[in-house]
Amino acid sequence: MPITGRRRNKVKGVQFTIMVVGASGTGRTTFVNTLCESDVLNHKAIQPPEAAHQEEGIRIKPVTVELEEDGIRISLTVVDTPGFGDSIDNEFAFQEIMNYIERQYDDILAEQSRIKRNPRFKDNRVHALLYFIPPSGHALREMDIELMRRLSPCVNVIPVIGKADSLTPKELKAFKKRIVEDIEHYDIPIYNFPYDVEEDDEDTIQDNMDLRSLLPFAVVGSEEEVEIEGEPVRARIYPWGVVEVDNPHHSDFVRLRGAILGSHLGDLKTLTEDVLYETYRTEKLSRAVNSDNRDSQLLPEDLANQSVRLKEEQLRREEEKLREIELKMQREINEKRQQLMAKEAALRNLESRITAQGSNTSY
Amino acid sequence: MSALTTSPPTDGIGIANLPNQRHKIVAKRGAHFTIMVVGESGLGKTTLINTLFSTELSPAKNYSRRHVKQMDKLTEVEIIKAELEEKQFKVKLTVIDTPGFGDYVNNRDSWLPIVEFIDDQHEAYMRQEQQPQRNEKTDLRVHACLYFIRPTGHTLKPLDIEVMKRLGTRVNLIPVVAKADTLTQNDLFVFKQRVREVIAAQGIRIYTPPLDDDENAEHAQMLIDAIPFSIIGSTEDVRTPDGRVVKGREYIWGVAEVENENHCDFKKLRSLLIRTHMLDLISTTEESHYENYRQQQMETRKFGEPKVKKLDNPKFKEEEEALRKKFTEQVKSEEARFRQWEQHLIAERDRLNKDLEQAHSAIKTLEAELDNLQVGYGRGTGRR
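Note that this is a predicted model, so its numbers are computed, not measured.

**What about the overall build of chain B?**
So, step 1. Per the secondary structure count, chain B includes nine helices and nine strands.
So, step 2. For chain B, restricting intrachain contacts to residue pairs at least 6 apart in sequence, the fraction spanning at least 24 positions comes to 69%.
So, step 3. Total accessible area on chain B stands at roughly 22300 Å², and carbon and sulfur atoms take up 50% of it.

Structure below.
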């Protein structure tokens, strides 16, 4: 297992940040609590019925918890995004998530550029984003495509099917296939467990291929336990049967956990730090030179404001031009005046000489 | 069909036989029933319709063209017609599907096409009634609207509330919890409770079977208690672990059965829609909803006048206009200021140019004088 590190990590724990995004009711909170084996996140506080029509908007909340996986201590920060996808118009929520991720990059960029750096600076960059697709059984919706497309360039996106126990095995297989087709069609660069056929060894290649074939991961989460054959098992109990969370035939939960907290933790971190962050940095710094407009989705008011701003800039530029012309003219005028004065002086000289001579010659 | 009984006069004159006459007439004429399904895609609307009527009315979704179709971001209205027959009784069934509802990033006003459709049917029927010849009337008025709620386990979403409010005043609204096999029994119980609370608190009108009929009051009460109905839909026959063959969904861990009342409320819904309350649904639509619409329209419009078509998204248009005006005004004021300044500069320039010219001419005259002087001097010295 790739170990990122120095001896200090074994004492402090490897730092890893994941973000979970998905509409309410897709199983996000339960998944995180299942992953961390404790109640890390609180379930959605149900508003009183009279207020149910109010849109809450998205809130971004990071929570840190200490875990141990395979003997390695992990300091896991989970960033939850309750409220995403719950509003009638969800355009704003996208922007909030983008802003959060980029803000972490901005913080690191600023920190790195300091002359005197803070040794205790906490790196909050998001190493993996789990996106919860609702188990419709059809294909990706506009919401899913838009989100993954906009976020993949700045963070490792791993698509996950939440509440997968609502799909029969046949339906699940067809659903996964269509999602993969959609991802390919729209060219969405999700994190797909990359491997190099030439460089990596057989086991790594096989492992990555297996994980890639499981994408998107179909997860079932549960905070309840039931006794099966004397053993406590995390499961969901239905009148027609019991779904076991840790059973690989029932859900991909175990494989996913093993990958993001174990075998691929290092890879996800490295990709974030060495590729995604560097790309962001380069783009941002060169943008500061070129002052291009960012290609981001804008609300209509913002769009209007931006056009106004553009017009203002245009006007300002023309103002400057005119001012320059004014200055130039002033200079010209001054020059001419000087010339005039010089000529005047010369003439007066001449005049005085002439009159002097004249008075001399005339008796 | 029971035969007309001719009873001797001692048993009355035969009024008691009217229900049988009615029965014959209805049996011969058949019924016609229009049902609408509303909900986000992937909630099992199509499957439910096919399960309800035990026949593949709606074809399975065609995925091969999903990338080709440009997303217009609209809710569509799809009409499917079928004729069902059971024991020689015919029903002309119309199913209205609403693909695209709630599937987009911005779903504002996505309910407008649906609401307009319902109103349009009332309108169309009203106009037909006002015609001189009104034997042949096509009636697409919606008798029941099933609203599919996503089984989040939390509560109703703002979008659900907005739409249900608008639907409830126009049509018999029946909320259902879709894909109920996602929720454990306890979760389902709590969820239904919350949905009921929100419906009550938000003032959403839903269809309730009438309780005044003593015979069926118990049955009606049972139906009322089960709303919103939890639904599992399936047209496939599967074998349960104990050997029965049923309509259901086969998981690795068991089989969820459609017609098992412990698993879901499908049977209750089917009873409400078909077996026990179909005629009530039809008559409340005609007597209550249609009459409301007619009353509203007639209070504001003259007889025979066509309906004023509402602008779509009037609220949006307003905001757009306001923004555009603000923007134009800002630009105009900037341009005005700019032009003023330009004028000012031009004036300055002209003035300075004039000064320059004056200076030039002054120089010229001085030069001329100089020349004269020089010439005069030269001549002068020459003469002397």
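More follows now that the structure is in view.
**Topic: the environment of L350 of chain A**
Residues and elements named next belong to chain A.
So, step 1. Within the secondary structure, L350 sits in helix α9 (residues 300-361).
So, step 2. Residue class for L350 comes out partly exposed when judged on its relative accessible area of 22%.
So, step 3. Between the C-alpha atom of L350 and that of P248, which follows or precedes it by 102 residues, the distance is 111 Å.

**A word on the sheet that holds strand β5 (residues 173-177) of chain B**
All names here are of chain B.
So, step 1. Read across the sheet, six strands follow the order β2-β3-β1-β4-β5-β6 without closing on themselves; strand pairing throughout is mixed. Because the sheet does not close on itself, it has two edges, and the strands there are β2 (78-86) and β6 (229-230).
So, step 2. Judged from the seven bridges that link them, strand β1 (residues 31-38) and strand β3 (residues 89-97) form a sheet pairing that is parallel. By the bridge assignment for β3, T34 is matched with T94.
So, step 3. Contacts from helix α4 (residues 158-168) reach β1, β4 (144-149) and β5 within the one sheet, and its direction differs from that of β4 by about 170°.

**Overview of the domain arrangement of chain B**
So, step 1. On domain assignment, one finds that chain B holds domain 1 (22-310) and domain 2 (315-383).
So, step 2. Of note, the centres of domain 1 of chain B and domain 2 of chain B, computed from C-alpha atoms alone, are 77 Å apart.

**As for the interface of chain B and chain A**
So, step 1. Across the contact, 71 residues belong to chain B and 75 residues belong to chain A.
So, step 2. Carbon and sulfur atoms make up 65% of the surface buried where chain B meets chain A, a total of about 7000 Å² over both sides.
So, step 3. Here chain B and chain A share five salt bridges between them.
So, step 4. The salt bridge partner of E367 of chain B is K343 of chain A, with a shortest N-O separation of 3.7 Å.
So, step 5. For the pair chain B and chain A, the number of links is 17 residue pairs in polar contact (both at pLDDT 80 or more).
So, step 6. Of all the elements, helix α9 (residues 314-383) of chain B adds the most residues to the side of chain B that touches chain A, at 21 residues.
So, step 7. Grouping the amino acids of the side of chain B that touches chain A by side-chain chemistry returns 33 nonpolar, 16 polar and 22 charged.

Parameters at a glance
- Residues numbered from 1 in each chain as written.
- Chains lettered and ligands numbered in written order.
- Predicted model: local features only at pLDDT ≥ 70, side-chain atom pairs only at ≥ 80, totals over all residues.
- Heavy atoms only, no water.
- Helix = DSSP H or I, 4+ residues; strand = E, 2+ residues; numbered from the N terminus.
- Contact = heavy atoms within 4.5 Å.
- Areas by Shrake-Rupley, 256 points an atom, 1.4 Å probe, with all protein chains shown as cover.
- Buried < 20%, exposed > 50% of the residue type's maximum accessible area, 1.4 Å probe, protein only.
- Pairing = 2+ DSSP bridges.
- Axes fitted to C-alpha atoms, helices over the stretch in contact; angles between N-to-C directions.
- Domains from an automatic or database assignment.
- Buried area = accessible area lost by both parts, 1.4 Å probe.
- Salt bridge = Lys/Arg side-chain N within 4 Å of Asp/Glu carboxyl O.
- Polar contact = N/O pair within 3.5 Å; in protein donor to acceptor, adjacent residues only side chain to side chain.
- Nonpolar A, V, L, I, M, F, W, Y, C, P; charged D, E, K, R; others polar.

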